[in-house]
Amino acid sequence: GAGVSQSPSNKVTEKGKDVELRCDPISGHTALYWYRQSLGQGLEFLIYFQGNSAPDKSGLPSDRFSAERTGGSVSTLTIQRTQQEDSAVYLCASSGTNTEAFFGQGTRLTVV
Amino acid sequence: AQSVTQLGSHVSVSEGALVLLRCNYSSSVPPYLFWYVQYPNQGLQLLLKYTTGATLVKGINGFEAEFKKSETSFHLTKPSAHMSDAAEYFCAVTPRGYNKLIFGAGTRLAVHP
């Protein structure tokens, strides 16, 4: 596609439910990132995929968070047993060989 | 570990005044350097980047930044602020040889008449 696509754009879920957030990167981009942005805060790094290498999961805040990237393209971020503190905008970005990252519009997650 | 420091979480300027947003990085080997802008309720957009070559980099919307190795800095400037520049600005780095993008905490720029 023309840009990074994230779905859904908005998600409201009940506390304790699991959610899946999807990211479609720009075709051909080998790197994919997930970030979290809480209200009025900066960008918190979550996870980074680079080609076929093992992902850098150092930013995942707890074992309730996981992510996978299938076939080096689409990525899914899963949050299990959601908590109210998980409410945030989740941003996905992808980059190619020139290191510039392009961001999607984000998924706004609200846990009630 | 590589880190990025943005001095001033909030900066306020008058329309037409100089904009200066500060960014310092922590590494002995200069990384790739970026400035991103986030307008209200929108995603992040690249303003400019430095990878190699000329240390003064020009970006979109009249912004520019200068890489100063001796100061480990990459400050963002614009000679004359416009109301439409009000946004959140993020400095980011990618260590050379490792394609991970690391962000500063951001600076919220307000422009008043």
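Calculation notes
- Residues numbered from 1 in each chain as written.
- Chains lettered and ligands numbered in written order.
- Predicted model: local features only at pLDDT ≥ 70, side-chain atom pairs only at ≥ 80, totals over all residues.
- Heavy atoms only, no water.
- pLDDT = per-residue confidence, 0-100.
- Helix = DSSP H or I, 4+ residues; strand = E, 2+ residues; numbered from the N terminus.
- Contact = heavy atoms within 4.5 Å.
- Polar contact = N/O pair within 3.5 Å; in protein donor to acceptor, adjacent residues only side chain to side chain.
- Buried area = accessible area lost by both parts, 1.4 Å probe.
- Salt bridge = Lys/Arg side-chain N within 4 Å of Asp/Glu carboxyl O.
- Buried < 20%, exposed > 50% of the residue type's maximum accessible area, 1.4 Å probe, protein only.
- Pairing = 2+ DSSP bridges.
- Disulfide = S-S within 2.5 Å.
- Axes fitted to C-alpha atoms, helices over the stretch in contact; angles between N-to-C directions.

A. Region of interest: the confidence of the model for chain B. Of the residues in chain B, 100% reach a pLDDT of 70 or more, and the chain-wide mean stands at 92. For chain B, per-element mean pLDDT is lowest for strand β11 (residues 102–103) of chain B, which scores 90, and highest for strand β3 (residues 19–21) of chain B, which scores 98.

B. Layout of the environment of Y39 of chain B. Residues and elements named next belong to chain B. Structurally, the position occupied by Y39 is in the loop between β5 (32–38) and β6 (44–50). Residues Y39 and L7, 32 residues apart in the sequence, show an inter-C-alpha distance of 20 Å. When sequence neighbours within four positions are dropped, the list of residues in contact with Y39 reads Q45, N61, S84, A86 and A87. Here N61 takes part through its side chain, which lies 3.3 Å from a polar atom of the side chain of Y39.

C. How the structure looks around the interface of chain B and chain A. In this assembly, 19 residues from chain B lie in contact with 22 residues from chain A. Roughly 1,600 Å² of surface becomes buried between chain B and chain A when both sides are summed, with 51% attributable to carbon and sulfur atoms. The closest approach of N and O atoms between K49 of chain B and E100 of chain A, which form a salt bridge, is 3.3 Å. If you list the elements that add at least two residues to the side of chain B that touches chain A, you get β5, β6 and β11 of chain B.

D. Examining the pairing of strand β4 (residues 31–37) of chain A more closely. Residue and element names in this part refer to chain A. Counting buried residues in β4 gives seven out of seven residues, a clear majority hidden from the surface. Burial of the side chains of β4 extends over both faces: A31, Y33, Y35 and Q37 are buried on one face and L32, W34 and R36 on the other. One ladder, built from seven bridges, connects β4 with strand β5 (residues 43–50); its direction is antiparallel. Following the sheet pairing, Q37 is matched in β5 by L43. Taking the residues that link successive antiparallel strands as the turn, the β4-β5 hairpin has five residues, and the phi of G40 there is positive, at about 70°. Of the strand pairs in this sheet, β4 and strand β8 (residues 88–95) are connected by seven bridges, and their pairing is antiparallel. Bridge pairing in β8 places Y33 opposite A93.

E. Representation of the state of the cysteines. Inspection of every chain in the model, using the stated rule, returns two disulfides over all chains. One disulfide bridge connects C23 of chain A with C92 of chain A, the sulfur atoms lying 1.9 Å from each other. The S-S bond linking C23 of chain A to C92 of chain A shows a torsion near -65°; that makes this disulfide left-handed. Here C23 of chain A is found in strand β3 (residues 19–24), whereas its partner C92 of chain A is found in strand β8, with 69 residues between them in sequence. The two residues C23 of chain A and C92 of chain A agree in class, both being buried. The partner cysteine of C23 of chain B in its disulfide is C91 of chain B, sulfur to sulfur 1.9 Å. Around the S-S axis, the bridge from C23 of chain B to C91 of chain B shows a dihedral of about -60° and counts as left-handed. Note that C23 of chain B is positioned in the loop between β3 and β4 (24–25) and C91 of chain B in strand β10 (residues 87–94), a separation of 68 residues in sequence. In this pair, the class of C23 of chain B matches that of C91 of chain B, namely buried.

F. Broad picture of the sheet that holds β3 of chain A. Residues and elements named next belong to chain A. If you walk across this open sheet you meet the four strands as β1-β3-β7-β6, and the pairing is antiparallel. The sheet is open, and its two edges are formed by β1 (5–7) and β6 (65–69), each paired on a single side. The average undirected angle you get between the axes of adjacent strands in this sheet is 15°. Pairing analysis gives five bridges linking β3 to strand β7 (residues 75–79), with the strands arranged antiparallel. Residue pairing for β7: L21 is matched across the bridge by L77.

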